[in-house]
Amino acid sequence: MSGKEFYAWLMKSEPSEVSVDDVLGMPEQTVGWFGVRNYQARNFMRDKCSTGDPVLFYHSSCKEPGIVGIGRIASDPYPDPTQFEINSVYFDPKSSEIKPRWVQVDVKVLYKVERISLQDLREIPECEGMQVLKKGNRLSITPVTEEQWNALKPHLHRLSD
């Protein structure tokens, strides 16, 4: 490590809005992580995410939620354009281009993995403290410790392309 505090990120997306397959079909296999409207999640992206950080791509609000892909942070944070789009469900009338409230980062998906469910995560002792496992957690982006990342690696089975 380069002296930087290690972080990986678990980033949730509803597959009905943006799925891992959708991103793999996009130019550069990259998507702006738009629509985050929680201050804690925003602060993670704004203050803690760094280009190159590993990402666990997680499908939420679906029949079978879980980790479905591996990616990386592919940009520095920048203003989320949806906050300015009056017809967007993510429009924020209190935000301005001079003083934007919301940011996003680009996420590049590297490959899909066999789904790792919440139950699977609960069975990995080192993952016990992951925020995604805490009751009531609804954050769309949460930090993953180095210990948790390393414990997950043997369970991340790449699906053939």
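Since the model is a prediction, treat every value here as computed from it, not as a measurement. (Residues numbered from 1 in each chain as written. Predicted model: local features only at pLDDT ≥ 70, side-chain atom pairs only at ≥ 80, totals over all residues. Heavy atoms only, no water.)

Describing the sheet that holds strand β3 (residues 54–59)
- Spatial strand order, β2-β7-β4-β3-β1-β8: six strands in an open sheet with mixed pairing. Taken across any chain shown, the strands that pair with only one partner, and hence form the sheet edges, are β2 (30–32) and β8 (141–144). For this sheet, the mean angle separating the axes of adjacent strands, direction not counted, is 35°.
- The pairing of strand β1 (residues 8–13) with β8 spans four bridges and is classified as antiparallel. Across the sheet, W9 pairs through a bridge with P143, a residue of β8.
- Those strands touched by helix α2 (residues 39–48) are β1 and β8, and its axis lies near 55° from that of β8. (Pairing = 2+ DSSP bridges. Helix = DSSP H or I, 4+ residues; strand = E, 2+ residues; numbered from the N terminus. Axes fitted to C-alpha atoms, helices over the stretch in contact; angles between N-to-C directions. Contact = heavy atoms within 4.5 Å.)

Quick notes on the packing of aromatic side chains
- Counted according to the given criterion, the structure contains four aromatic pairs.
- For the ring pair W9 and F44, a centre distance of 5.6 Å and an interplane angle of 50° mean the geometry is tilted. Taken as a pair, W9 in strand β1 and F44 in helix α2 lie far apart in primary sequence, 35 residues in all.
- Residue classification places F44 among the buried residues on the basis of a relative accessible area of 13%.
- Positioned above the aromatic ring of W102 is the side chain of R42, whose terminal nitrogen or guanidinium carbon lies 5.8 Å from the ring centre. (Phe/Tyr/Trp six-rings, centres within 6.5 Å; stacked < 30°, edge-to-face > 60°. Buried < 20%, exposed > 50% of the residue type's maximum accessible area, 1.4 Å probe, protein only. Lys NZ or Arg CZ within 6 Å of the ring centre and 35° of its normal.)

Structural notes on unusual backbone geometry
- With a phi angle near 65°, E28 is a residue other than glycine that sits in the positive phi range.
- Structurally, E28 can be placed in the loop between α1 (20–24) and β2.
- Residue classification places E28 among the exposed positions, given a relative accessible area of 63%.
- A positive phi angle is found at Q29, which is not glycine, with a value near 50°.
- On the secondary structure map, Q29 appears in the loop between α1 and β2.
- Of the residues examined, Q29 reaches a relative accessible area of 27% and is grouped as partly exposed.

As for the side chain of Q104
- Within the secondary structure, Q104 sits in strand β6 (residues 103–104).
- Of note is the side chain of Q104, whose polar atom sits 2.7 Å from the side chain of Y78.
- Apart from residues no more than four positions distant in its own chain, Q104 is found in contact with G32, W33, F34, M45, D76, P77, Y78, P79, D80 and P81. (Polar contact = N/O pair within 3.5 Å; in protein donor to acceptor, adjacent residues only side chain to side chain.)

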